[in-house]
Amino acid sequence: MQQVTFLDVRTGIFKALEQAFPDMKRYGEEIKEGLIPPCFFVKFLEPIHTHELDRRYMRELPVDVHFFTDTNKDRITMADQLTSVLEMIQVNGRLVSGINMSWQIVDEVLHFFVTYRMQVWKQRPDDPKMQTLELVEGTK
């Protein structure tokens, strides 16, 4: 299994939004003054990286996708569309499911919440292999 970084998931979210809404701007670094709606801002919440067994880890990445627009009708319509658009995203060539989807409107901004959960494996260390062994036998 290949290693999946948090940035790989972010890239998958941005690609899904770009495919579904090619004419809308997408931001991920900071919310700048003077945004021209409609547009998205993708924000990571509190990622969790948990050790499970041996080299196996579970990663959970909760995301808050802000949607800026002028009307409440557009916000509610977008919430409905995002449930489909972000249900499955492509991350390093494999599909990852979005879970725990919910949304709310706060201060005229849609906040769409989704969590991506995936199993990752730590790379096996490159331990040197034994080349030869000399064995001396004897009896006492």
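Refer to the structure printed above.
Residues numbered from 1 in each chain as written. Predicted model: local features only at pLDDT ≥ 70, side-chain atom pairs only at ≥ 80, totals over all residues. Heavy atoms only, no water.

Chemist: I'd like a rundown of the overall build of the protein, residues and numbers included.
Modeler: Of regular secondary structure, the protein possesses two helices and seven strands. Reading the protein from its N end, one meets helices and strands in the order α-β-β-β-β-α-β-β-β. Rg of the C-alpha trace for the protein: 22 Å, well past the compact-globule value of 14 Å for 140 residues, more than 25% over. Taken along the three principal axes of its C-alpha coordinates, the protein extends 90 × 25 × 25 Å. Here the analysis covers contacts within the protein between residues at least 6 apart in sequence; of these, 58% occur between residues at least 24 apart. As displayed, the protein offers around 9900 Å² of accessible surface, 49% of which is attributable to carbon and sulfur atoms. Of the charged side chains in the protein, 17 are positive and 21 negative; the average position of the first set lies 5 Å away from that of the second. (Helix = DSSP H or I, 4+ residues; strand = E, 2+ residues; numbered from the N terminus. Rg over C-alpha atoms; globule rule 2.2 N^0.38 Å. Contact = heavy atoms within 4.5 Å. Areas by Shrake-Rupley, 256 points an atom, 1.4 Å probe, with all protein chains shown as cover. Lys, Arg positive; Asp, Glu negative; His and termini not counted. Charge placed at Lys NZ, Arg CZ, Asp CG, Glu CD.)

Chemist: Run through unusual backbone geometry, naming residues and quoting values.
Modeler: Cis rather than trans, the peptide bond between P37 and P38 has omega equal to 0°. Considering the arrangement of structural elements, one finds P38 in the loop between β1 (25–27) and β2 (39–44). Although it is not a glycine, N92 sits at a positive phi angle of roughly 50°. Along the chain, the position of N92 falls in the loop between β5 (88–91) and β6 (94–106). Given the relative accessible area of 33%, N92 is considered partly exposed. The phi angle at D107 is positive, at roughly 50°, despite the residue not being glycine. Relative to the helices and strands, D107 is located in the loop between β6 and β7 (109–121). (Buried < 20%, exposed > 50% of the residue type's maximum accessible area, 1.4 Å probe, protein only.)

Chemist: Please provide a residue-by-residue account of a nonpolar patch on the surface, values included.
Modeler: On the surface, I76, W103 and I105 cluster together into a nonpolar patch covering about 260 Å² of accessible area. Given a relative accessible area of 30%, I105 falls into the partly exposed group. (Patch = residues over 30% accessible without salt bridge, like charges linked within 9 Å, V, L, I, M, F, W, Y side chains within 5 Å. Salt bridge = Lys/Arg side-chain N within 4 Å of Asp/Glu carboxyl O.)

Chemist: Summarise the environment of T5; cite the residues concerned and give the values.
Modeler: Locating T5 in the fold gives a position in the segment before α1 (6–20). With relative accessibility at 34%, the residue T5 sits in the partly exposed group. When the C-alpha positions of T5 and P47 are compared, they lie 11 Å apart, and in sequence the two are 42 residues distant.

Chemist: Got a sec to walk through the nonpolar core? Specific residues and values, please.
Modeler: Counting 29 residues, the largest nonpolar core has L17, L82, L86 and Y116 as the members making the most contacts within it. Within the residue set of this core, elements represented by two or more residues are α1, β2, β4 (56–68), α2 (72–85), β5 and β7. Counting residues per element, this core draws most heavily on β7, which supplies six residues. If sequence neighbours within four positions are ignored, Y116 has contacts with V9, I13, R59, E60, L61, V63, L86, I89, V96, S97 and G98. (Core = buried A, V, L, I, M, F, W, Y, C linked by side-chain atoms within 4.5 Å.)

Chemist: Describe in detail the packing of aromatic side chains, supporting the description with residues and values.
Modeler: Summed over all chains, the structure comprises two aromatic pairs. With centroids separated by 5.4 Å and ring planes inclined at 40°, the aromatic side chains of F21 and F40 adopt a geometry described as tilted. Residue F21 is found in the loop between α1 and β1, and its partner F40 is found in strand β2; the two are separated by 19 residues along the sequence. With respect to class, F21 is no different from F40; both count as buried. For the pair F40 and F67, a centre-to-centre distance of 5.2 Å together with 40° between the ring planes defines the contact as tilted. Of this pair, F40 sits in strand β2 while F67 sits in strand β4, placing them 27 residues apart in sequence. (Phe/Tyr/Trp six-rings, centres within 6.5 Å; stacked < 30°, edge-to-face > 60°.)

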